[in-house]
Amino acid sequence: MTKNLRVKTSKLIDKTNRISFKFNGTKYYGFKGDTLASALLANDVHLVGRSFKYHRPRGIMTAGSEEPNAIIQLHDNTSRTEPNVRATEVEIYEGLEASSQNCWPSVNFDIGGINNLLSPLLPAGFYYKTFMWPASFWKKYEYFIRKSAGLGKSPVEPDPDVYEHRYIHCDVIVIGAGISGIIAAKISAKNGLKTLLVDERPYLGGSTIYQNSDYFKINNQNSGSWLEKEINELKKLENLEIKTRTSVAAYHGYNFLLARESLTDHLPIEQRNNKTRQKLLKIRAKKVITATGAIERPLIFDNNDRPGILLSSAIKKYADLYGVACGEKNILLTNNDSAYETAISLIQKGIKVESIIDNREQVNSKLVKEVEKNNIKIFKGFTVVNTSGYKRINKVSIMQLSKDGEKVIGSKTTLNCDCLGVSGGWTPAVHLFTQSGGKLRFREEDQVFIPLTYNSKQISIGSCNGEFTLDEILTNTPKLLIKFLEIKDTNYDNVDVKSSYSKLKRNIWLLPSDKILGKTKPFVDYQNDSTAKDIKLALKEGFRSIEHVKRYTTTGMGTDQGKLGNMHALGIISETADAKMGELGTTTFRPPYTPLTFGTIVGRNVGEYFDIFRKTPIHDWHVKNNAEFENVGQWKRAWYYPINNEDMHQAVQRESKAARDSAGILDASTLGKIDIQGTDASEFLNRVYTNAWSKLAIGKCRYGLMLNEDGMVYDDGVTTRLAENHYIMTTTTGGAANVMGKLEDYLQTEWPELDVYLTSVTDHFATISVCGPNSKKIVSSVISDLDFTDEKFPHMSFQNAKIDKINCRVMRISFTGEHSYEINVQANYGKSVWEKCMEAGKDFNITPYGTETMHLLRAEKGFIIVGQDTDATMTPIDLQMDWIVSKKKYDFIGKRSLYRSDTIREDRKQLVGLLTENPDEVLEEGAQIVADIKKSPVEMLGHVTSSYYSPNLKKSIALGVVRGGKNMMGQKLIIPMEKKLINVTITDPVFLDKENKRLNA
Amino acid sequence: MFLIYCPFCGEREQSEFKAGGEAHIVRPKQPTELSDDEWAEYLFMRKNIKGVQFERWNHIHGCRKWFNMVRDTSNDEIKAVYKMGEKPPTK
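Quick notes on the rules
Residues numbered from 1 in each chain as written. Chains lettered and ligands numbered in written order. Predicted model: local features only at pLDDT ≥ 70, side-chain atom pairs only at ≥ 80, totals over all residues. Heavy atoms only, no water. Helix = DSSP H or I, 4+ residues; strand = E, 2+ residues; numbered from the N terminus. Buried < 20%, exposed > 50% of the residue type's maximum accessible area, 1.4 Å probe, protein only. Contact = heavy atoms within 4.5 Å. Areas by Shrake-Rupley, 256 points an atom, 1.4 Å probe, with all protein chains shown as cover. Lys, Arg positive; Asp, Glu negative; His and termini not counted. Charge placed at Lys NZ, Arg CZ, Asp CG, Glu CD. Pairing = 2+ DSSP bridges. Axes fitted to C-alpha atoms, helices over the stretch in contact; angles between N-to-C directions. Buried area = accessible area lost by both parts, 1.4 Å probe. Salt bridge = Lys/Arg side-chain N within 4 Å of Asp/Glu carboxyl O. Polar contact = N/O pair within 3.5 Å; in protein donor to acceptor, adjacent residues only side chain to side chain. Nonpolar A, V, L, I, M, F, W, Y, C, P; charged D, E, K, R; others polar. 1 Å grid on protein atoms, 1.4 Å probe; cavity = no way out; pocket = protein on both sides within 12 Å on 5 of 7 lines; lining within 4 Å. Points joined across faces, edges and corners; volume = space filled by probe spheres on them. Domains from an automatic or database assignment.

Undergrad: Can you help me understand the overall build of chain A in this one?
TA: Helix and strand counts for chain A stand at 23 helices and 50 strands. With the principal axes as the frame, chain A shows a C-alpha extent of 115 × 70 × 55 Å. Expressed as a percentage of its 1001 residues, the buried residues of chain A come to 60%. Pairs at least 24 residues apart make up 66% of the contacts formed inside chain A by residues separated by at least 6 positions. A total of about 42,300 Å² of accessible surface is found on chain A, and carbon and sulfur atoms cover 51% of it. Here chain A carries 132 positive and 119 negative side-chain charges, and the mean point of each set is 4 Å from the other.

Spelled out as structure tokens, the structure:
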């Protein structure tokens, strides 16, 4: 049996262009212009999914982005699969495949449907109440809860599509291209303002464009035809960019908006290649006009969620725009005039309307009379109390409402139907407005929240501003725009409007029933399956704040953010708790308005552009020589250089030994370098470092420690005096940008009188460090015209030199404790100088080493790494580095904090060396250090910060911080591990060459 | 995202800037003369006002200059920007 549910004429459908698609594996046909929802309805498919909690059969409910039920999985099992797509927004194309979510094994027979029968056991807060006890069982519960939770399936293959970001700057953005938006865009562009008009739908004109009844006329034409002419004129305007299929996702402060423009989602897959799928538009508008329209409200009654129950306006839209009859026996339930507009449209299209059930008692507007003329029975003062039909509605039961609307009276009548349209009036779509920080007010007459105060240069017009009738829109919009856009006139002053819509409404948030609430299922949030019952239960249990009720009942927490039901939830709270709606306020509307794909958000920042990294000038050499890399800040640093399948430990042991036995070479280009010049440069260094700088001779280097004002170690490095008023400072790799920022801060804000200039030169120089007993031989053969005697070029000094014709700065400084040189050359010569050093070091087994060996070598010497051996709680005293803190200087950053009551405590954590009882046992970094394992709870004294096996000392060495450790030399402590206890002894942190003999070897 | 008028560069996006906390807290000239409590007052105590607040900002991805801003934290309205060392606006 196939029904013909297509009507003859429609606004959007191209009947010459038939399209085939699959839903749940079955092939169907639709036409160009159809959405997946309209095409399914035309094929008499109402059951499209199961609800989240009770797995109740659900159908298409709306015809727009507010859809809570018809959310589907697109292209399952392909790389383009996408969950949670609203069938009402998907334009069909040849080859489209979609399937239902939340059901197994199929939408027609879903095992989870048993939850519906168990629903008395699944009240609000069910998870919180049930899975709490016993606590140890949570892990088991969690597994099953997670398994059954979640909507749809995410793709498991990389996304084949391309996404982009685009910035748009405009004078005016108009959001929404319904009748108000079209008028606004036209006025704006005509007045020479650069205007952007966006709409989430693929067509312009909103709900007016398919309006063709005699009851709504503008200048004596039906409103749809009038608007069509307006749009045609609009398209010719300069200064105007129109974007359809573009959904504004977020409206931030200072008129910054994010929108998603869909470019290929409506095309067959094979036509999408090499095209950008979606663009994230980053829009900065001088003025914003919000014309986002309104969303029709459902009504809340028992079993109001069955397939075949739709919003009345959606039924109208499917008939007028898509030429689809949602049913052959339609009943409408309403509390306002909107359902009569639907009825008139259906009558025009030859679709049968059985009856209208109107909550209102006295109704006699023009629209009502027109419907009555067509011999359609209107039940005035009645309501629906129940529905039946498991996978499709087949009956409604109606009863008369009492005068006060609080109960139903009389006898129950049952009516047959296959489709029920509901209209509970309209809710202005104020989501974007409130995102921008606007405040709402509650209008009692028709129970709607409308914009009150704006937080930026913006205005709401049309039905999102609570103007629901055509005459209001056409009268008010031009007036508002004249003021807002500061223009003279609009050419809309003498428009003649005929609107037959009566504003009379009878608002009842929860319609009464003949059954007690506990025996009914009046759904408020369809997607999350929360009912009026759940909300009342939450209130009974003491929840008062709407934000709490929302979270406890999950009302409004689905992917649709409760666009349909949130107002009813508020209404029920207001009535039950006897609080005023306006005082309750709404829950927070958060971006995005409709879900965004991850692709849109990241744009082109994927693959190698996901997290951009910095390479040293010598990077290619490291790659060629098999280096493994480590991320340090944004840098890729050579970590170690394995040879012949060495693992990291083997490579590091070899590199470390070679560096001390003969020669090692390290790429230190990533170290931060700051060029400091000015007549007060020495004074400046005195203030930012803990030690004294005034007496540092030109050509000498000095190690410096930098503190925060709270006395904690911030950074360290060697600074060299190049000339009287010229220094070059080095910082840690990761700290470079922050140190630069901190120094600038003090210079500009605290000491503007100092004559000092800072320039970051990190990227300008390549730094090559050559260390080991043979380093002098190697470096002196590369730099032939320099005197390398200890007298001329001692430790901690600097020389300008040339390698061939290349200028270089050579510092004799050491982070390994070996005799060593740091050669700084202009970055683009870095690789060539490195290769020269490698060549010159050939006979000395010069061994390139990475950061891991560097860490090991410095640990042997007890040198700290800021950020590894320190955190933001270590003072220089804690580090046993008292020697670097000047006693003579009157002040430096952090000095005063070094003798606060907290920093002078004896039992602070202090840096110590740790030696294991078994010299082959290497500690784990981060392991806890304790003294007494029997005490309960075990007292933690500190932790291991650095730990290595030293090939040069042939034993395990470690650094750690221990409470009061400074005075615990020689004491034995315990490091408890999962399966053993490790005995350690506290030692001096310097393990190798305490006398610094190797520096001058 | 704010649009911030840098006193040196003009109007730029917030992503170019870094916030630097409360403004007009002067580093004591003679820290050594201060008691622990007085030093702690300078070191730790900051206002967090709902309403008009004086703040330091740095055009970190631009001219790197620090400047001051008067901002209403309740609605993020920037009421004034002025250079370091300049007197804060009184109204």
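Undergrad: Before we go on, may I ask you to explain the sheet that holds strand β5 (residues 66-72) of chain B in this structure?
TA: Two orientations exist for strands paired in a sheet by backbone hydrogen bonds: parallel and antiparallel. One open sheet holds the 4 strands; their spatial order is β3-β4-β5-β6 (chain B), and the pairing between them is antiparallel. Of all strands in the sheet, those with a lone pairing partner are β3 (18-22) and β6 (77-83) of chain B, marking the two edges. Averaged over neighbouring strand pairs, the angle between their axes works out to 35° when direction is ignored. In this sheet, β5(B) lies alongside strand β4 (residues 52-58) of chain B in antiparallel orientation, the contact comprising 7 bridges. Along β5(B), the bridge assignment pairs B:Asn58 with B:Trp66. Most of the contacts of helix α20 (residues 736-750) of chain A go to β5(B), to which it runs at about 85°, and overall it touches β4 and β5 of chain B.

Undergrad: Honestly, the interface of chain A and chain B in this entry has me stumped. Any pointers?
TA: In many reports, interface size means the accessible area that the parts give up when they come together. The partner chain B presents 28 residues to the 29 residues of chain A that form the contact. For the pair chain A and chain B, the two sides together bury roughly 2,500 Å², of which 45% comes from carbon and sulfur. Interface area lost by chain A to chain B is led by A:Tyr254, A:Tyr890 and A:Arg896, which between them contribute 28%. Linking chain A to chain B there are 6 salt bridges. Summed over the shared surface of chain A and chain B, the number is 20 residue pairs in polar contact (both at pLDDT 80 or more). Sorting elements by how many residues they give to the side of chain A that touches chain B places α20(A) first, with 8 residues. Of the residues belonging to the side of chain A that touches chain B, the class tally is 10 nonpolar, 9 polar and 10 charged.

Undergrad: Got a minute to help me understand empty space enclosed by the protein in this structure?
TA: Gaps between atoms show up when a probe of the same size as a water molecule is rolled over them. Residue and element names in this part refer to chain A. Counted under the stated rule, the structure contains 6 cavities of 30 Å³ or more. Around the largest cavity sit 25 residues that line it, and Asn566, Met567, Leu570, Thr587 and Phe589 are the ones nearest its centre. Of all elements in the fold, only β25 (426-428), α13 (546-553) and α14 (566-577) reach the threshold of two or more residues within the lining of the largest cavity. Counting residues per element, the lining of the largest cavity draws most heavily on α14, which supplies 5 residues. Residues belonging to the lining of the largest cavity are distributed by class as follows: 13 nonpolar, 10 polar and 2 charged. Counting residues domain by domain, the lining of the largest cavity receives three or more from each of domain 2 (163-294 + 428-499) and domain 4 (518-608). When its volume is computed, the second largest cavity comes out at roughly 110 Å³. Forming the walls of the second largest cavity are 13 residues, and the residues nearest its centre are Ile728, Thr730, Met811, Glu822 and Asn824. For the lining of the second largest cavity, the elements supplying multiple residues, two or more each, are β37 (713-723), β38 (726-731), β40 (765-771), β42 (806-812) and β43 (820-826).

Undergrad: Any chance you could explain the pairing of β43(A) here in plain terms?
TA: For a regular strand, side chains alternate in direction, first toward one face of the sheet and then toward the other. Residue and element names in this part refer to chain A. Counting buried positions over the 7 residues of β43 gives 6, a clear majority of the element. Two elements, β40 and β43, share 7 bridges in a ladder whose sense is antiparallel. When the sheet's bridge partners are listed, Ser769 is paired in β43 with Glu822. Of the pairings in the sheet, the one linking β42 to β43 comprises 4 bridges and is antiparallel in character. Looking at β43, one finds that Met811 is bridged to Glu822.

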